[in-house]
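Here's the letter readout for the chains.
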Amino acid sequence: MTAAPVRTTCPYCGVGCGIVAVPDRCGGAAIAGDPSHPANFGRLCSKGAALGETLSLEGRLLYPEIGGQRVGWDAALDAVADGLRDAHDRFGPQALAFYVSGQLLTEDYYVANKLIKGFIGSPNLDTNSRLCMASSVAGHRRAFGSDTVPGCYADFEQADLVVLVGSNLAWCHPVLYQRLMAARAAHGTRLVVIDPRRTASCADADLHLGLAPGSDALLFSGLLIELDRRGLIDRAAVAATASGLEHALTAAWAAAPDLPAIAAGCGLATGDIARFFDLFAQHERVVTAYSQGVNQSSSGTDKVNAILNVHLSTGRIGRPGMGPFSLTGQPNAMGGREVGALANQLAAHMDYGDPGAIDRVRRFWHAPAIVTGPGPKAVELFERVAQGAIKALWIIATNPAVSLPQSDFVRRALDACPLVVVSDVMRWSDTVARAHIRLSALGWGEKDGTVTNSERRISRQRAFLSPPGEARADWWIISEVAKRLGFGAAFNYRGPGDIFREHAALSGFENGGARDFDISGLATLDDAGYAALTPVQWPVTTSDHAGTERLFGAGGYFTDDRRARFVPVTPRPPAHPTDDDFPILLNTGRERDHWHTLNRSGKSPRLALCAPEPQIALHPMDAQRAALADDGLVQLESRWGATVARVRVSADQSCGTAFGPMHWNDQFSSGGRINALGHSAIDPVSGQPELKAIPVRLKAVAIDWEATALLRDRLAAPPASYWALASGIGHWRVLAAGSGEPAAAVAAFAATLPPGERLALQDRAGRRHRLAVVEQGRLVAWIEVAPPGTHTDVTWIASLFAKAAALTDAERRALLAARAGPSTAPEGPIVCACYSVGRARLRRVIREREIGDVPGIGAALGAGTGCGSCIPELRVLLAETI
Ligand code: SF4
């Protein structure tokens, strides 16, 4: 019998979709979109829809550990407190640091921030959101005087023109993209995509501007001038709500005096730029949405302000269907900003530059050791760890050994740090592997609190599963350490509701309308009210307040004179340009169906098979110059590190650039960690690292064989120089390659296999080997080693691992042929995760049935009729196949 449904929130991206989870009482749950949630109205993307596949306890950290040995909570918490106290007493508060995460709930975030900044007395707390949206925060604060997202998701539906800048919305915020596509179908919303890559979001665009990496600020400077030239800037109206326009125009004129200059700097045709300017000028209802392509830059803050300048100049802000819109990557990046969990913030959108804020927060918290200035931002924080200035580092819910640039350097820093404490859900993590003390945290589905999405909407995450093992809530773990440090009175919370009320009260404390973040209307919620809290957009200033859809429609910015500020922008190229030694500029980002460092999405078979190994997209000319074939292996080298990945030759990639995913790590690949290549250049204002412009060179990797291994049990270190691991239903899939004799490779794999009946096949030339292991009638391993580029489609073999019953005689006989019969056709890489429809089958059916549109594919195969995340790729496939 199933339990009652629980309304909660998706733990992946910043769209913040509502979910209805129905626990099955066996540790799992059925997952569906919440029709009543205003972010998604029942929709889910492929990642959200597959959440039910990520709930297993495989790989979980279930108990605290010291030195790799299980201990009780008292021992673990005492050890953390003793370690922090010792570092504090010997070296001062600056020797302590916390590195936290946009995966945390707001209540967890609040307690961590309060402990270190108010009670330990160290400003050294930063969050992995620094890698994601710090430039937006800084740009907002320069322009608005506050970190405020002015608009809401409904603006995407009410706009006449949506401009996506550095955002592959179709993959990275899929449900918002679906809302946009529905609006486009209903009333013809125009769409412009500004991105060096031709991404899935371009499939429906009216115009794609494939500009040179880093030239966004130049393009928007040109747009500002063009709007002025066309008389669309009403100076009197602007002066009433903003200041500094003339300085911004002067800077823009210097950078982008005319179309040829912009075209030369952006690498675009003048006609395309003019078309974009026409579209922008002709539509008042414009949303400019931007994301990591803007933020992750050494000039990210200026890029943000170049966009904000354009909207401020035409008053297109805070009104229905118009405004700049920062898309947050993580589920609770906004919550972290709200509590002050960035190194340059204090608490509740108060910072060190606000006179009186430090004393205000000190008095509110009764803090004995309030910090008085900012701490180091993420990249700098780990540099201080490497220098030995930070002696005790507590990492909570994040994986910096994979996600920070120069990740080899970060690993060395962690290895040298005297005390590394990691609170995490998983035991498999490159960072957890380096911890002296491991603290087992609750995962999604088990924890309780709030998150805030990109449109300032606070939603509840509610527990629908019991805590496994001895996992505990992050707020509880931090509070227990605080008590052991002698701060019990300030951390004596009964539950997340207590923390939320305190957080809400602080937001309204001595506020009086001076600060944008004010949810004091929620400070009086009782436990029942907190439990039942429905999604609401801040500010919420009174207990009967319904929330705030938009801000700044009539001005009212959070500056001294309540007017916004134009920021003069001088466009700058990436910090490290390409040169003869490193001629390709690498851009890093996400796959559609993976998330961060794979700890959650890597558990889902239907997500894993859409991208089972790290792939580097290259333009055909660049691949040819480097003698790289599609589907071959490439070693990428930068001045800071190296990685190996599969080659994907694609004309969507502009010449001279490459794209690689951020997800792979030591747990899932032999060397696919893309951030090993990254450098430490950061934006001087926001401190955000430049993850999208890394000069690299390409080298073909010579191999003699490739292997596909399907294994019931996870293999920690496959015996191959190259390997990648992906989950399947009832098995793990290893894709591997190496040099030497194939027979030796088979023998090496065979040595890792469990006992059982072994069936083997070797072709006459000795180049293709297959080996199957059957135990008690069930298939437990199947391996093929073959010449490069001659993979066998293993769809049918994989299906045998999902069978509850023993193999039939016919299946046993067919194992080494790898197909059930002559009619078994290849599936190919999975495109539709919901219905497991592969590229090869899609092409075949499109051709055979002469299908001409996406609904036709849906009718034939179901693809595209589930979450809809694959629809942009189906469109591309149709265009390529017909
Ligand atoms: Fe989750 Fe997808 Fe919604 Fe993002 S768009 S919150 S990943 S379901």
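Treat the numbers as computed from the prediction; the structure is a model and nothing was measured.

Cut-off values and rules
- Residues numbered from 1 in each chain as written.
- Predicted model: local features only at pLDDT ≥ 70, side-chain atom pairs only at ≥ 80, totals over all residues.
- Heavy atoms only, no water.
- Core = buried A, V, L, I, M, F, W, Y, C linked by side-chain atoms within 4.5 Å.
- Buried < 20%, exposed > 50% of the residue type's maximum accessible area, 1.4 Å probe, protein only.
- Near = heavy atom within 4 Å.
- Helix = DSSP H or I, 4+ residues; strand = E, 2+ residues; numbered from the N terminus.
- Nonpolar A, V, L, I, M, F, W, Y, C, P; charged D, E, K, R; others polar.
- Pairing = 2+ DSSP bridges.
- Axes fitted to C-alpha atoms, helices over the stretch in contact; angles between N-to-C directions.
- Phe/Tyr/Trp six-rings, centres within 6.5 Å; stacked < 30°, edge-to-face > 60°.
- Lys NZ or Arg CZ within 6 Å of the ring centre and 35° of its normal.
- Salt bridge = Lys/Arg side-chain N within 4 Å of Asp/Glu carboxyl O.
- Parallel < 35°, antiparallel > 145°, perpendicular 65-115°, else oblique.
- Left-handed = near helix turned anticlockwise from the far one by under 90°.
- Contact = heavy atoms within 4.5 Å.
- Polar contact = N/O pair within 3.5 Å; in protein donor to acceptor, adjacent residues only side chain to side chain.
- Expected span 1.5 Å × (residues − 1).
- Domains from an automatic or database assignment.
- Arc of directions from axis to C-beta.

K.L.:
Would you mind going over the nonpolar core with me for this structure?
P.N.:
Across soluble globular proteins, you tend to see nonpolar side chains buried next to one another. Among the nonpolar cores identified, the biggest contains 72 residues, and Phe98, Leu115, Trp365, Trp394, Leu439, Phe491 and Leu522 are the most heavily contacted of them. If you look at the next biggest cluster of nonpolar residues, it comprises 53 residues, including Leu249, Cys266, Leu551 and Val569.

K.L.:
Looking at this structure, I do not really get the site of the ligand. What am I missing?
P.N.:
Every residue near the ligand is listed here: Cys10, Tyr12, Cys13, Gly16, Cys17, Leu44, Cys45, Lys47, Gly48, Pro174 and Val175. Residue assignment for the shell around the ligand shows that the elements contributing at least two residues are helix H1 (46-49) and helix H7 (174-187). Split into classes, the residues belonging to the shell around the ligand amount to eight nonpolar, two polar and one charged.

K.L.:
Which parts of the structure should I look at to understand the sheet that holds strand S30 (residues 722-728)?
P.N.:
Strand pairing in a sheet is mediated by backbone hydrogen bonds. Such pairs are either parallel or antiparallel. Strand order in the open sheet made by the six strands is S30-S31-S29-S34-S33-S32, with antiparallel pairing throughout. The sheet terminates laterally at S30 and strand S32 (757-762), the two strands that pair on one side only. Neighbour-to-neighbour, the strand axes of the sheet open up by a mean angle of 10 degrees, direction not taken into account. Alignment of S32 against strand S33 (residues 769-775), held across six bridges, turns out to be antiparallel. Bridge pairing in S33 places Leu759 opposite Ala772.

K.L.:
Even after reading the chapter, I still don't get the packing of aromatic side chains, so can you show me in this structure?
P.N.:
Two aromatic rings are characterised by how far apart their centres lie and by the angle between their planes. Inspection of every chain in the model, using the stated rule, returns 23 aromatic pairs. With centroids separated by 5.3 Å and ring planes inclined at 75 degrees, the aromatic side chains of Phe98 and Trp394 adopt a geometry described as edge-to-face. Of this pair, Phe98 sits in strand S6 (residues 96-100) while Trp394 sits in strand S16 (residues 392-396), placing them 296 residues apart in sequence. Across the pair, Trp394 and Phe98 agree in class, each one buried. The rings of Phe119, Phe487, Phe491 and Tyr493 are connected pair by pair, giving a single aromatic cluster. The aromatic ring of Phe668 is capped on one face by Arg714, whose charged end is 5.0 Å from the ring centroid. A cation sits over an aromatic face here: Arg714 above Trp732, 4.8 Å from the ring centre.

K.L.:
In this structure, what is going on with the pattern of salt bridges? I would like to understand it.
P.N.:
Side-chain pairs of opposite charge can arise whenever the charged atoms involved come near each other. The full count for this structure, using the stated rule, is 68 salt bridges. Put simply, Asp430 and Arg411 hold a salt bridge, and the shortest N to O gap is 2.5 Å. Pair noted here: Asp430 is in the loop between strand S17 (419-424) and strand S18 (437-440) and Arg411 is in helix H19 (residues 407-416), with a separation of 19 residues, a long-range link. When its relative accessible area of 1% is taken as the criterion, Asp430 is described as buried. Since its relative accessible area comes to 6%, Arg411 is described here as buried. Residues participating in the shared-partner salt-bridge network are Asp354, Asp359, Arg360, Arg362, Arg363 and Glu510.

K.L.:
Help me understand the environment of Trp171 in this model?
P.N.:
With respect to the helices, strands and loops of the structure, Trp171 is situated in helix H6 (residues 169-172). For Trp171 and Gln461, which are 290 residues apart along the polypeptide, the C-alpha to C-alpha distance reads 23 Å.

K.L.:
Help me out: how do you make sense of the packing of helix H8 (residues 216-229) against helix H12 (residues 270-282) in this one?
P.N.:
For any two helices packed against each other, the geometry is given by the interaxial angle and the distance between the axes. Running from amino to carboxyl end, H8 crosses H12 at an angle of 55 degrees, the nearest separation of the two axes being 10 Å. The orientation of H8 with respect to H12, classified from their angle, is oblique. When the axes of H8 and H12 are compared, the crossing they make is right-handed. Note on element contacts: H12 touches H8 through Ile273, Phe276, Phe277, Phe280 and Ala281, opposite Leu219, Phe220, Gly222, Leu223, Glu226 and Leu227. Considering only residue class, the contact of H8 with H12 consists of nine nonpolar, one polar and one charged.

K.L.:
Explain the pairing of S33 to me, please; I cannot follow it from the model alone.
P.N.:
As a general feature of sheets, a regular strand has side chains that alternate between the two faces. With six of seven residues buried, S33 is to be regarded as a mostly interior element. As paired elements, S33 and strand S34 (residues 778-786) share seven bridges and run antiparallel to each other. Counterpart to His769 in the pairing with S34 is Val785. The antiparallel hairpin formed by S33 and S34 contains two residues in its connecting segment, where Gln776 sits at a positive phi of about 50 degrees.

K.L.:
Sorry, what's going on with the environment of Leu586 here?
P.N.:
When you line up the elements, Leu586 lands in strand S23 (residues 584-589). We classify Leu586 as buried; its relative accessible area is 0%. Put simply, Leu586 and Lys692 are 106 residues apart on the chain and 6.4 Å apart in space, counted from C-alpha to C-alpha. Contacts of Leu586, omitting those with residues within four sequence positions, involve Leu636, Ala658, Phe659, Gly660, Ile674, Leu677, Lys692, Ala693, Ile694 and Val696.

K.L.:
Teacher, can you tell me more about the side chain of Thr148 here?
P.N.:
Inspection of the secondary structure assignment puts Thr148 in the loop between helix H4 (134-144) and helix H5 (154-158). Note on Thr148: relative accessible area 0%, which makes it buried. Looking at Thr148, its side chain comes within polar contact range of the side chain of Ser146, at 2.5 Å. A distance of 2.6 Å separates a polar atom in the side chain of Thr148 from a polar atom in the side chain of Asp516. Among residues more than four places away in sequence, those in contact with Thr148 are His140, Asp516, Leu551 and Phe552.

K.L.:
Help me understand H8, please; the structure alone is not making it clear to me.
P.N.:
Think of an α-helix as 3.6 residues a turn; residues three or four steps apart then line up on the same face. With 14 residues, H8 extends 20 Å between its outermost C-alpha atoms, agreeing within 8% with the 20 Å of an ideal straight helix rising 1.5 Å per residue. Along H8, 13 of the 14 residues are buried, which leaves the element largely enclosed by surrounding structure. Where H8 ends, the next residue or the one after it, Gly231, has phi of about 75 degrees, a positive value.

K.L.:
How should the pairing of strand S28 (residues 694-700) be read in this particular structure?
P.N.:
Alignment of S23 against S28, held across three bridges, turns out to be antiparallel. When the bridges of S28 are listed, Leu586 appears paired with Ile694. Relative to S28, strand S25 (residues 633-637) is paired through four bridges, and the arrangement is antiparallel. Across the sheet, the residue bridging to Val634 is Ala700, located in S28.

K.L.:
Help me understand the sheet that holds strand S20 (residues 457-461), please; the structure alone is not making it clear to me.
P.N.:
Spatially, the three strands line up as an open sheet ordered S19-S20-S21, and their pairing is antiparallel. The two strands at the open ends of the sheet, each matched to only one other strand, are strand S19 (449-452) and strand S21 (536-537). Pairing analysis gives four bridges linking S19 to S20, with the strands arranged antiparallel. Directly across from Thr450, in S20, lies its bridge partner Arg460.

K.L.:
Explain the environment of Arg25 here, please?
P.N.:
Of note, Arg25 is situated in the loop between strand S2 (18-23) and strand S3 (29-33). Overall, the relative accessible area of 55% leaves Arg25 in the exposed class. Considering only alpha carbons, one finds Arg25 and Leu346, 321 residues apart in sequence, at a separation of 42 Å.

K.L.:
Help me out: how do you make sense of the domain arrangement of the protein chain in this one?
P.N.:
Interface size is commonly expressed as the accessible surface area that is lost when the partners come together. Assigned domains of the protein chain: these are domain 1 (6-54), domain 2 (65-132 + 332-494), domain 3 (134-326), domain 4 (584-602 + 611-700), domain 5 (705-817) and domain 6 (830-881). One C-alpha centre belongs to domain 5, the other to domain 6; they are set 29 Å apart.

K.L.:
Honestly, helix H10 (residues 245-255) in this entry has me stumped. Any pointers?
P.N.:
Every buried residue of H10 is accounted for by Leu245, Ala248, Leu249, Ala251 and Ala252. Take H10 and look down its axis: the buried residues cluster within an arc of 165 degrees, on one side only. Among the exposed residues of H10, those pointing more than 90 degrees away from its buried face are His247, Thr250 and Ala254. Tucked inside the fold, the buried residues of H10 contact H8, helix H9 (235-241), strand S11 (242-243) and helix H14 (300-313).

K.L.:
What exactly am I supposed to notice about unusual backbone geometry here?
P.N.:
Of all residues except glycine, most have a negative phi; of all peptide bonds, most are trans. Here the amide bond leading from Trp538 into Pro539 is cis, since omega sits at 0 degrees, within 30 degrees of zero. Of note, Pro539 is situated in the loop between S21 and strand S22 (564-565). Phi angles above zero are rare outside glycine, and Ala348 is one such case at about 50 degrees. Taking the relative accessible area as the measure of exposure, Ala348 reaches 1% and is therefore buried. You will see that Gln406, though not glycine, has its phi angle at about 55 degrees, which is positive. Within the secondary structure, Gln406 sits in the loop between helix H18 (400-403) and H19.

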